[in-house]
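So the chains spell out like this:
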Amino acid sequence: MAALGWLTPRRRSASARSVLAGEASAEAARKTALAGAPHPAEVDLDTDLEALLAEGEEPEFPVAGDDLAAAFFDLDNTVMQGAAIFHFGRGLYKREFFRRRELARFAWQQAWFRLAGVEDPDHMQDARDSALSIVKGHKVSELMAIGEEIYDEYMAERIWPGTRALAQAHLDAGQKVWLVTAAPVETATIIARRLGLTGALGTVAESVDGIYTGRLVGEPLHGPAKAEAVRALAAAEGLDLERCAAYSDSHNDIPMLSLVGHPYAINPDTKLRKHARTHDWRLRDYRTGRKAVKVGVPAAAGVGAIAGGAAAAIALHRRRK
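Residues numbered from 1 in each chain as written. Predicted model: local features only at pLDDT ≥ 70, side-chain atom pairs only at ≥ 80, totals over all residues. Heavy atoms only, no water.

**Section: the side chain of Gln175**
Considering the arrangement of structural elements, one finds Gln175 in the loop between helix H7 (161-172) and strand S2 (176-184). Using a relative accessible area of 4% as the deciding quantity, one classes Gln175 as buried. In terms of polar contacts, Gln175 uses its side chain to reach the backbone carbonyl oxygen of Val63, at 3.3 Å. A distance of 2.9 Å separates a polar atom in the side chain of Gln175 from a polar atom in the side chain of His170. Every residue in contact with Gln175, bar those within four places of it in the chain, is listed here: Pro62, Val63, Asp66, Ala69, Ala70 and His170. (Helix = DSSP H or I, 4+ residues; strand = E, 2+ residues; numbered from the N terminus. Buried < 20%, exposed > 50% of the residue type's maximum accessible area, 1.4 Å probe, protein only. Polar contact = N/O pair within 3.5 Å; in protein donor to acceptor, adjacent residues only side chain to side chain. Contact = heavy atoms within 4.5 Å.)

This is the structure:
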């Protein structure tokens, strides 16, 4: 994709950039979609699907054979514990893409994410800026190959079985299932493929002749941009959004959740939980020890989350020596 000056934030409104980001993500997702991909053997669904879904009475949903319906899943803390971009950063550090101080910044961002239990736009933007500066000048194919390895190293064990079962229910009903995330579309596509999903909508990083430029197309796929991506993909795929479902943990995704006829709050932050209850949306919480600490923080978090992030950074640094 050519580097175009009119893509810069100074020349376009935030709303227009959201639309641009959404449309670019939808186009990328359709190009890499894995419609009808077989369920991979590496995905372990030990937990019985019916048991996971039997937390309360449910209507007949998803509707088998409804090809005008699809499901859209947020990634961070909805499908996977933690932030994908943090795990990706750890993997790049292991491969000496950047130095210890930059890893410490990634560790702090992840610790903050765990403590706050919500997606703060400023922190997420800082994480993405860090990642963009790191991949600038690298080949897209190179990062894709490394992403496969990083998934096995850091992400495969962090998939929520409950959310994975919900996605499988849609697949079993013959519906397409898409990840929708602010993570790079390449990373999101790898995760979608490994989980046997249809494809992924993610942040599109600009590349020229297969080399990353260090810029984005539009803006990060976050908040309103996610809704625009879902809207664009639904139009291209001929979907009826009233018959679709969307799943997320964050109040930042209320625009996306509000687009569909079947919104679900998964491991919700405080604001989303309140909004879901007010609007009679379905809720699912697959975390343990949720009541022990504030919503969104694992039972042993608190100061331990910061210590854990720092320990991870130090351990990786020692391994490199």
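**Some remarks on the packing of helix H3 (residues 84-94) against helix H6 (residues 140-155)**
Relative orientation of the contacting elements H3 and H6 amounts to 105°, with a least axis distance of 9 Å. The orientation of H3 relative to H6 falls into the category roughly perpendicular. Contacts between H3 and H6 involve Ala84, His87, Phe88, Arg90, Gly91, Leu92 and Lys94 from the former and Leu143, Ile146, Gly147, Ile150, Glu153, Tyr154 and Met155 from the latter. Across the contact of H3 with H6, the residue classes break down as eight nonpolar, three polar and three charged. (Axes fitted to C-alpha atoms, helices over the stretch in contact; angles between N-to-C directions. Parallel < 35°, antiparallel > 145°, perpendicular 65-115°, else oblique. Nonpolar A, V, L, I, M, F, W, Y, C, P; charged D, E, K, R; others polar.)

**Comments concerning the pairing of strand S3 (residues 199-203)**
Counting buried positions along S3 yields five of five residues, so the element is predominantly enclosed. Crossover connection from S2 via helix H8 (residues 185-194) to parallel S3: handedness right-handed. (Right-handed = clockwise from strand over helix to strand, strands pointing away.)

**Re the nonpolar core**
Ranked by size, the top nonpolar core spans 43 residues in total, and within it Phe73, Leu92, Met155, Leu179, Ile191 and Tyr247 carry the most contacts. Here the element with the most residues in this core is H6; it accounts for seven residues. Other than its neighbours up to four places away in sequence, Ile191 contacts Leu75, Ala84, Tyr151, Met155 and Leu179. Met256, Leu257, Leu272 and Trp281 belong to the second largest nonpolar core, which has 27 residues in total. (Core = buried A, V, L, I, M, F, W, Y, C linked by side-chain atoms within 4.5 Å.)

**Things to note about the packing of H6 against H8**
Orientation of H6 relative to H8, taken along the N-to-C sense of each, is 50°, at an axis distance of 9 Å. With respect to each other, H6 and H8 are oriented oblique. Our pair here, H6 against H8, has a crossing hand that is right-handed. Counted together, Val140, Met144, Gly147, Glu148, Tyr151, Asp152 and Met155 of H6 and Glu186, Thr187, Ile190, Ile191, Arg193 and Arg194 of H8 form the full contact between these two elements. Counted by class, the contact of H6 with H8 contains six nonpolar, two polar and five charged residues. (Left-handed = near helix turned anticlockwise from the far one by under 90°.)

**Overview of the packing of aromatic side chains**
Summed over the entire model, instances satisfying the criterion amount to two aromatic pairs. A ring pair is formed by Phe73 and Tyr247, whose centres lie 4.1 Å apart and whose planes are at 5°; its orientation type is stacked. Within this pair, whereas Phe73 is found in strand S1 (residues 70-74), its partner Tyr247 is found in strand S6 (residues 245-248), the two being separated by 174 residues in sequence. A single burial state applies to Phe73 and to Tyr247, both of which are buried. (Phe/Tyr/Trp six-rings, centres within 6.5 Å; stacked < 30°, edge-to-face > 60°.)

**A closer look at unusual backbone geometry**
Comment: phi is negative for the bulk of residues other than glycine, and the bulk of peptide bonds are trans. Despite not being glycine, Asn77 has its phi angle at roughly 65°, a positive value. Mapped onto the secondary structure, Asn77 falls in the loop between S1 and H3. Of note in this structure, Asp280 is not a glycine but carries a positive phi near 60°.

**Side note on the sheet that holds S1**
The six strands lie next to each other as S3-S2-S1-S6-S7-S8, forming an open sheet whose pairing is parallel. Of all strands in the sheet, those bounded by a partner on one side alone are S3 and strand S8 (282-284). Each strand of the sheet is rotated relative to its neighbour by a mean of 20°, with strand direction disregarded. Against the sheet, H7 engages S1, S2, S6, strand S7 (262-266) and S8, with an angle of about 160° to S1. Packing of H8 onto the sheet brings it into contact with S2 and S3, and relative to S2 it is tilted by some 145°. (Pairing = 2+ DSSP bridges.)

**Things to note about the pairing of S1**
With respect to burial, S1 is a largely interior element, five of its five residues being buried. Judged from the three bridges that link them, S1 and S6 form a sheet pairing that is parallel. Bridge pairing links Phe72 to Ala246 in S6.

**A few points about the pattern of salt bridges**
If you walk through the whole model with that rule in mind, you get 15 salt bridges. When the shortest N-O distance is used, the salt bridge between Glu228 and Arg231 registers 3.7 Å. Placement of both Glu228 and Arg231 in helix H9 (residues 224-237) is noted, with a separation of three residues, approximately one turn of the helix. You can call Arg231 partly exposed: its relative accessible area is 40%. When the shortest N-O distance is used, the salt bridge between Arg287 and Asp285 registers 2.6 Å. Take Arg287: its relative accessible area is 14%, and that puts it in the buried class. The class for Asp285 is partly exposed, based on a relative accessible area of 22%. Shared partners join several salt bridges into a network, and the residues in it are Lys94, Arg95, Glu149 and Glu153. (Salt bridge = Lys/Arg side-chain N within 4 Å of Asp/Glu carboxyl O.)

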